[in-house]
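# Commentary on secondary and tertiary structure
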Amino acid sequence: FKCLNCFLYMCLMKDSMENIILCHGGVGSKERPLDDMKGIAEKAYSKNPLDSVVNAVVIMEDDPRFNAGTGSVIRIDGSVQMDAAVSIPGKFGSVIGIENVKNPVLVARDVMEKTPHIILSGSGAVQFARKLGYGEYDPKTERTISQYSKMVEALKKETTDNRYKIFKELIRNGIIDEPHDTVGAVARIDGKFAAAVSTGGASPMMRGRVGDVPIPGAGIFCGEKGAVVATGIGEEIAKRVLCHRIYERINTDKLENILREEIEYFGENLAGVIAVSHDEHAFFSNGSMGTDMFKIKV
Ligand code: ASP
């Protein structure tokens, strides 16, 4: 297992006296040099942990290189359906399969703060967004459109029905880039936690497919002990309820060890996690994962 950027932060120190925001740009991105991510966490920083993680995710949703918001992957039927979620201890909000909005994470925050619900999906999520004034926005880019046509051509040629075999074959043959450039962030500000995550999904996928991102405990979990966010093959992450699993283990071992053990379980399936607890922070992945971090002494 390799974690390209981990070496930078090998010496995880007790950092309870620091405010910290840690963000990732997805696992499996071919080569996402740290430089690409630099400054996001610092720009996103605010004294409010929820503002910090949402700011970080909005910056990445607006960056067309990431598979979230603008630049989200196109599904097999040609549509773009996005999932996003936010959480603070005891509160959660997400949108599933939202279409034609610029920043799904902002709608997820509104679900959490302005409705009695935790999740809105599909047309209901879109309608809610419009009522709140989110305008029509097409998140497709030249890059995603060209990836889509290549994917459709390649899928036509495949005979096997194993989604992951098809997927790996497409990547091996250079037909599509690994589309795991989902974005996420966790923060601990003055001892308080928040988490946010946003994705166009794991391509190739059917219309209506839902991954780990909008499911509490799967791709995101935040409680009084810390915040955890995941990236990778959403189906595998959700079956494992990965983020809640990690959260429950906080304080039973070094955070770094917990993350390593939990990611090793995934074997060949790409997975990555970032996490903060009261006195630690860590990230680990089984493929390259761009990360950025901003820490400030308090
Ligand atoms: N976890 C996301 C999903 O399966 C994809 C990713 O992390 O890149 O929807």
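Anyway, here's the lowdown on the structure attached to this text. Note that the coordinates shown come from a computational prediction; the quantities given were computed from them, not determined experimentally.

Attention shifts here to the overall build of the protein. Secondary structure assignment for the protein yields ten helices and eleven strands. Buried residues in the protein amount to 59% of all 298 residues. Accessible surface for the protein amounts to roughly 12200 Å². Of this, 54% is attributable to carbon and sulfur atoms.

Right, let's talk about the packing of helix 9 (residues 242-249) against helix 10 (residues 255-264) for a bit. Angle between the axes and distance between the axes: these two values describe a pair of packed helices. The geometry of helix 9 relative to helix 10 is characterised by a closest axis approach of 10 Å and an angle of 145° between their N-to-C directions. Here helix 9 and helix 10 pass one another in a crossing that is right-handed. Between helix 9 and helix 10, the contacting residues are Leu-242, Arg-245, Ile-246 and Arg-249 on the first element and Ile-258, Leu-259, Glu-261, Glu-262 and Ile-263 on the second. Looking at the contact of helix 9 with helix 10 residue by residue, the class counts come to five nonpolar, no polar and four charged.

In this section: the site of the ligand. Neighbouring the ligand are eleven residues, the closest being Thr-182, Arg-209, Asp-212, Thr-231 and Gly-232. Here an oxygen atom of the ligand and a backbone polar atom of Gly-234 are 2.9 Å apart. Within the shell around the ligand, the residues separate by chemical class into one nonpolar, seven polar and three charged.

This structure, assessed with the given rule, holds three aromatic pairs. Ring geometry for Tyr-265 and Phe-266: centres 5.5 Å apart, planes at 90°, overall edge-to-face. For the cation-ring pair, Lys-102 lies above Tyr-137, with the distance from its terminal atom to the ring centre recorded as 5.9 Å. Over the ring of Tyr-265 we find Arg-240; its NZ or CZ atom is 3.4 Å from the centre of that ring.

Our next topic: the sheet that holds strand 3 (residues 91-98). Across the sheet, which stays open at both edges, the seven strands sit in the order 4-3-2-6-5-1-11 with mixed pairing between neighbours. Two strands lie at the open edges of the sheet, namely strand 4 (119-121) and strand 11 (289-297), each paired on one side alone. Each neighbouring strand pair of the sheet contributes to a mean axis angle of 5°, computed without reference to strand direction. Across five bridges, strand 2 (residues 82-88) lies against strand 6 (residues 192-199) in antiparallel orientation. Residue pairing in the sheet places Ser-87 in a bridge with Ala-195 of strand 6. Its contacts with the sheet put helix 4 (residues 104-114) on strand 2, strand 3, strand 4 and strand 6, and the angle it makes with strand 3 is roughly 135°. Contacting strand 3 and strand 4, helix 5 (residues 122-131) runs over the sheet at an angle of about 105° to strand 4.

This part is about the environment of Ile-263. Secondary-structure assignment places Ile-263 in helix 10. In this structure Ile-263 touches Leu-242, Ala-271, Gly-272, Val-273, Phe-284, Ser-285 and Asn-286, once residues within four positions along its chain are discounted.

The next subject is the pairing of strand 6. Of all the eight residues making up strand 6, seven are buried; the element is thus mostly covered by neighbouring parts of the structure. Both strand 5 (residues 183-189) and strand 6 contribute to a ladder of seven bridges, which runs antiparallel. Across the sheet, the residue bridging to Arg-188 is Phe-193, located in strand 6. Taking the residues between adjacent antiparallel strands as the criterion, strand 5 and strand 6 are bridged by two residues, where Asp-190 takes a positive phi near 50°.

Turning our eyes to something else, we now look at helix 10. Looking at helix 10, one finds that the buried residues are Leu-255, Glu-256, Ile-258, Leu-259, Glu-262 and Ile-263. Projected down its long axis, helix 10 shows its buried positions confined to an angular sector of 160°, all on one face.

What the rule picks out here adds up to 19 salt bridges. Of the charged contacts in the structure, one is a salt bridge between Arg-65 and Asp-63, with a shortest N-O distance of 2.6 Å. Three or more residues are tied together by salt bridges with common partners; here these are Arg-240, Arg-245, Arg-249, Glu-261 and Glu-262.

Core analysis: the biggest nonpolar cluster contains 41 residues, and Cys-23, Val-53, Val-95, Ile-98 and Val-105 have the highest contact counts within it. Look past the residues within four positions of Cys-23 in its chain and what remains in contact with it is Met-37, Ile-40, Ala-41, Ala-56, Met-60, Gly-184, Ala-185, Ile-274, Gly-290, Thr-291 and Asp-292. Ranked by size, the runner-up nonpolar core spans 21 residues in total, among them Val-186, Ile-220, Cys-222 and Leu-270.

With that settled, the discussion passes to unusual backbone geometry. Residues Ser-203 and Pro-204 are joined by a peptide bond in cis, for which omega reads -5°. Within the chain, Asp-190 stands out as a residue other than glycine whose phi angle is a positive 50°. Mapped onto the secondary structure, Asp-190 falls in the loop between strand 5 and strand 6. By relative accessible area, Asp-190 is classed as partly exposed at 43%. Within the chain, Val-241 stands out as a residue other than glycine whose phi angle is a positive 45°. Within the secondary structure layout, Val-241 lies in the loop between helix 8 (234-240) and helix 9. Assessed through its relative accessible area of 38%, Val-241 is described here as partly exposed.

Cut-offs and rules
- Residues numbered from 1 in each chain as written.
- Predicted model: local features only at pLDDT ≥ 70, side-chain atom pairs only at ≥ 80, totals over all residues.
- Heavy atoms only, no water.
- Helix = DSSP H or I, 4+ residues; strand = E, 2+ residues; numbered from the N terminus.
- Buried < 20%, exposed > 50% of the residue type's maximum accessible area, 1.4 Å probe, protein only.
- Areas by Shrake-Rupley, 256 points an atom, 1.4 Å probe, with all protein chains shown as cover.
- Axes fitted to C-alpha atoms, helices over the stretch in contact; angles between N-to-C directions.
- Left-handed = near helix turned anticlockwise from the far one by under 90°.
- Contact = heavy atoms within 4.5 Å.
- Nonpolar A, V, L, I, M, F, W, Y, C, P; charged D, E, K, R; others polar.
- Near = heavy atom within 4 Å.
- Polar contact = N/O pair within 3.5 Å; in protein donor to acceptor, adjacent residues only side chain to side chain.
- Phe/Tyr/Trp six-rings, centres within 6.5 Å; stacked < 30°, edge-to-face > 60°.
- Lys NZ or Arg CZ within 6 Å of the ring centre and 35° of its normal.
- Pairing = 2+ DSSP bridges.
- Arc of directions from axis to C-beta.
- Salt bridge = Lys/Arg side-chain N within 4 Å of Asp/Glu carboxyl O.
- Core = buried A, V, L, I, M, F, W, Y, C linked by side-chain atoms within 4.5 Å.

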